[in-house]
Amino acid sequence: MAVAIPPPELDEEAASTPAQAILAGGCFWCVEAVYRALKGVRGVVSGYCGGTAADANYERVCSGRTGHAEAVRIDFDPSQLSYGRILQVFFGVAHDPTQKNRQGNDIGPQYRSAIFPLNAAQERVARAYMAQLDRAGVFAAPIVTTIEGPTPFYPAEAYHQDYAQRHPEQPYICAVARPKQDSLRRIFPEFLMNPGQE
């Protein structure tokens, strides 16, 4: 479910120093695949947020009992891509923010929609944007995204990193990640690092 949504009315000012964002929107393979394509993104790491270091591994997180969410940490250049624009892609393409503790057939709190602000400015932008989208009635159901933190980010196991690019023919990637990538190209072509390419 991808939708063209308005940009945030409140955003962070452009800066020259590198920045990070941490978001959770279901399977991290698919969210990572979306953000890797954006101009201004320097790197994306799949991982876990919201629980302890001892439980930050795939087998335990999949139980849904650790408090973690599958998340991505996005390293970006805020002179090319703002935090608000990252959220615009998050709500418009990367996942469905109206599904609570699930994304499609992936069910459990580890697949929840969540934002993990890294500072007060990011939290202000996120809260303002969610309120803006609710007022505009962009979605047919209420946004259920939580704003959580501060909490550590734990990188996932090496085999999860850049999974969609390394396994483009894997059935789950074809069914879930590829449609998100197609929607990104259709809805936000101006954000792409290489418009018209996979």
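Only a predicted model underlies this, so the values are computations on that prediction, with no experimental measurement involved.

Draft legend 1. Summary view of the environment of C62. With respect to the helices and strands, the residue C62 is situated in the loop between α2 (58-61) and β3 (69-76). Between the C-alpha atom of C62 and that of P109, which follows or precedes it by 47 residues, the distance is 9.3 Å.

Draft legend 2. Up close: the sheet that holds strand β7 (residues 146-147). Across the sheet, 6 strands lie side by side as β7-β6-β1-β3-β2-β8; this open sheet has mixed pairing. Lying at the two open borders of the sheet, with one neighbouring strand each, are β7 and β8 (153-155). Of the strand pairs in this sheet, strand β2 (residues 41-49) and β3 are connected by 8 bridges, and their pairing is antiparallel. Residue pairing across strands places V44 opposite I74, the latter belonging to β3. Contacts from helix α3 (residues 83-94) reach β1 (19-25), β3 and β6 (113-115), with the element oriented near 15° to β1.

Draft legend 3. Fine view of α3. Counting buried positions over the 12 residues of α3 gives 11, a clear majority of the element. Its buried side turned inward, α3 meets β1, α1 (28-35), β3, β6, α4 (120-136) and α6 (171-187).

Draft legend 4. Geometry of the side chain of Q161. One can find Q161 in the loop between β8 and α5 (163-166). Among the polar contacts made by the side chain of Q161, one reaches the main-chain amide nitrogen of S46 at a distance of 2.9 Å. The contact partners of Q161, leaving out residues within four places of it in the chain, are E32, V44, V45, S46, A156 and R166.

Draft legend 5. Up close: unusual backbone geometry. The amide bond that connects G149 to the next residue, P150, takes the cis arrangement and shows omega of 0°. For P150, the location among the structural elements is in the loop between β7 and β8. A positive phi angle, close to 55°, is found at N101, a residue other than glycine. Positionally, N101 belongs in the loop between α3 and β4 (102-103). Its identity as a non-glycine residue notwithstanding, D162 has a phi of 55°, on the positive side. Assignment of secondary structure puts D162 in the loop between β8 and α5.

Draft legend 6. Spotlight on the pairing of β2. In terms of burial, β2 is largely enclosed, as 8 of its 9 residues are buried. Taken together, the 3 bridges between β2 and β8 define a ladder with antiparallel strand orientation. Paired with C49 across the strands is F153, a residue of β8.

Draft legend 7. Structural view of the pattern of salt bridges. One pass over the structure, following the stated rule, counts 10 salt bridges. A salt bridge links E32 to R36, with the nearest nitrogen and oxygen atoms 3.0 Å apart. In this structure E32 comes out as buried when scored by relative accessible area, which is 2%. The exposure class of R36 is partly exposed, given its relative accessible area of 29%. Members of the salt-bridge network, linked through shared partners, are E32, R36 and D162.

Draft legend 8. Seen up close, the pairing of β3. In terms of burial, β3 is a largely internal element, 6 of the 8 residues being buried. In this sheet, β3 lies alongside β1 in antiparallel orientation, the contact comprising 5 bridges. Bridge pairing in β3 links I22 to R73.

Draft legend 9. Molecular detail of the packing of aromatic side chains. For the structure shown, the criterion picks out 7 aromatic pairs. Taking the centre distance of 6.3 Å and the plane angle of 25° together, the rings of F28 and Y58 count as stacked. Residue F28 is found in helix α1, and its partner Y58 is found in helix α2; the two are separated by 30 residues along the sequence. In this structure F28 comes out as buried when scored by relative accessible area, which is 1%. Ring centres 5.2 Å apart and planes at 70° place the aromatic pair F90 and F91 in the edge-to-face group.

The rules behind each value
Residues numbered from 1 in each chain as written. Predicted model: local features only at pLDDT ≥ 70, side-chain atom pairs only at ≥ 80, totals over all residues. Heavy atoms only, no water. Helix = DSSP H or I, 4+ residues; strand = E, 2+ residues; numbered from the N terminus. Pairing = 2+ DSSP bridges. Contact = heavy atoms within 4.5 Å. Axes fitted to C-alpha atoms, helices over the stretch in contact; angles between N-to-C directions. Buried < 20%, exposed > 50% of the residue type's maximum accessible area, 1.4 Å probe, protein only. Polar contact = N/O pair within 3.5 Å; in protein donor to acceptor, adjacent residues only side chain to side chain. Salt bridge = Lys/Arg side-chain N within 4 Å of Asp/Glu carboxyl O. Phe/Tyr/Trp six-rings, centres within 6.5 Å; stacked < 30°, edge-to-face > 60°.

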